[in-house]
Amino acid sequence: MDDTYSHISNIYGMNHYEIDKPFQKILEFYAGKRLNLDQLGLYAGKELYEITDYIDKISPPALKNVGNRR
């Protein structure tokens, strides 16, 4: 596995849905069945980290004074 982004999190590259058993049980309780969200878990565990890291690097936060709002 490419470890370019491994500094972001110790669970980078993992399926976040698969490793979050309590979340699976909550969804199963409310949905009445086990949902297959493996693709979403894979996206959250890899691409989403990469996108947020990129955005963090190219667009740092900026403080804007919007004045008095009454």
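Residues numbered from 1 in each chain as written. Predicted model: local features only at pLDDT ≥ 70, side-chain atom pairs only at ≥ 80, totals over all residues. Heavy atoms only, no water.

Caption draft 1: Spatial organisation of the packing of helix H3 (residues 38-45) against helix H4 (residues 47-58). With their axes 3 Å apart at the nearest point, H3 and H4 run at an angle of 35° to one another. Facing Leu42, Tyr43, Ala44 and Gly45 of H3, the residues of H4 in contact are Glu47, Leu48, Tyr49 and Ile51. Considering only residue class, the contact of H3 with H4 consists of six nonpolar, one polar and one charged. (Axes fitted to C-alpha atoms, helices over the stretch in contact; angles between N-to-C directions. Helix = DSSP H or I, 4+ residues; strand = E, 2+ residues; numbered from the N terminus. Contact = heavy atoms within 4.5 Å. Nonpolar A, V, L, I, M, F, W, Y, C, P; charged D, E, K, R; others polar.)

Caption draft 2: The arrangement of the packing of aromatic side chains in detail. Summed over all chains, the structure comprises three aromatic pairs. Seen from their ring centres, tyrosine 17 and phenylalanine 23 are 6.3 Å apart, and the 85° between their planes marks the pair as edge-to-face. Residue class for phenylalanine 23 comes out partly exposed when judged on its relative accessible area of 39%. Taking the centre distance of 5.0 Å and the plane angle of 85° together, the rings of phenylalanine 29 and tyrosine 30 count as edge-to-face. Among the residues examined, phenylalanine 29 registers a relative accessible area of 65% and is labelled exposed. (Phe/Tyr/Trp six-rings, centres within 6.5 Å; stacked < 30°, edge-to-face > 60°. Buried < 20%, exposed > 50% of the residue type's maximum accessible area, 1.4 Å probe, protein only.)

Caption draft 3: A look at a nonpolar patch on the surface. A grouping of Leu40, Tyr43, Leu48, Ile51, Tyr54, Ile55 and Ile58 is seen on the molecular surface, where their side chains present a nonpolar patch of about 670 Å² in accessible area. Contributing elements (two or more residues each) for the nonpolar patch: H3 and H4. Ranked by residue count, the leading element in the nonpolar patch is H4, at five residues. Relative to the helices and strands, isoleucine 51 is located in helix H4. Judged by its relative accessible area of 37%, isoleucine 51 is partly exposed. (Patch = residues over 30% accessible without salt bridge, like charges linked within 9 Å, V, L, I, M, F, W, Y side chains within 5 Å. Areas by Shrake-Rupley, 256 points an atom, 1.4 Å probe, with all protein chains shown as cover. Salt bridge = Lys/Arg side-chain N within 4 Å of Asp/Glu carboxyl O.)

Caption draft 4: The arrangement of the side chain of glutamine 24 in detail. As for its position among the elements, glutamine 24 is in helix H2 (residues 21-31). Accessibility expressed as a relative area gives 10% for glutamine 24, which makes it buried. Residue contacts for glutamine 24: discarding those within four places in its chain leaves Tyr17, Glu18 and Arg34.

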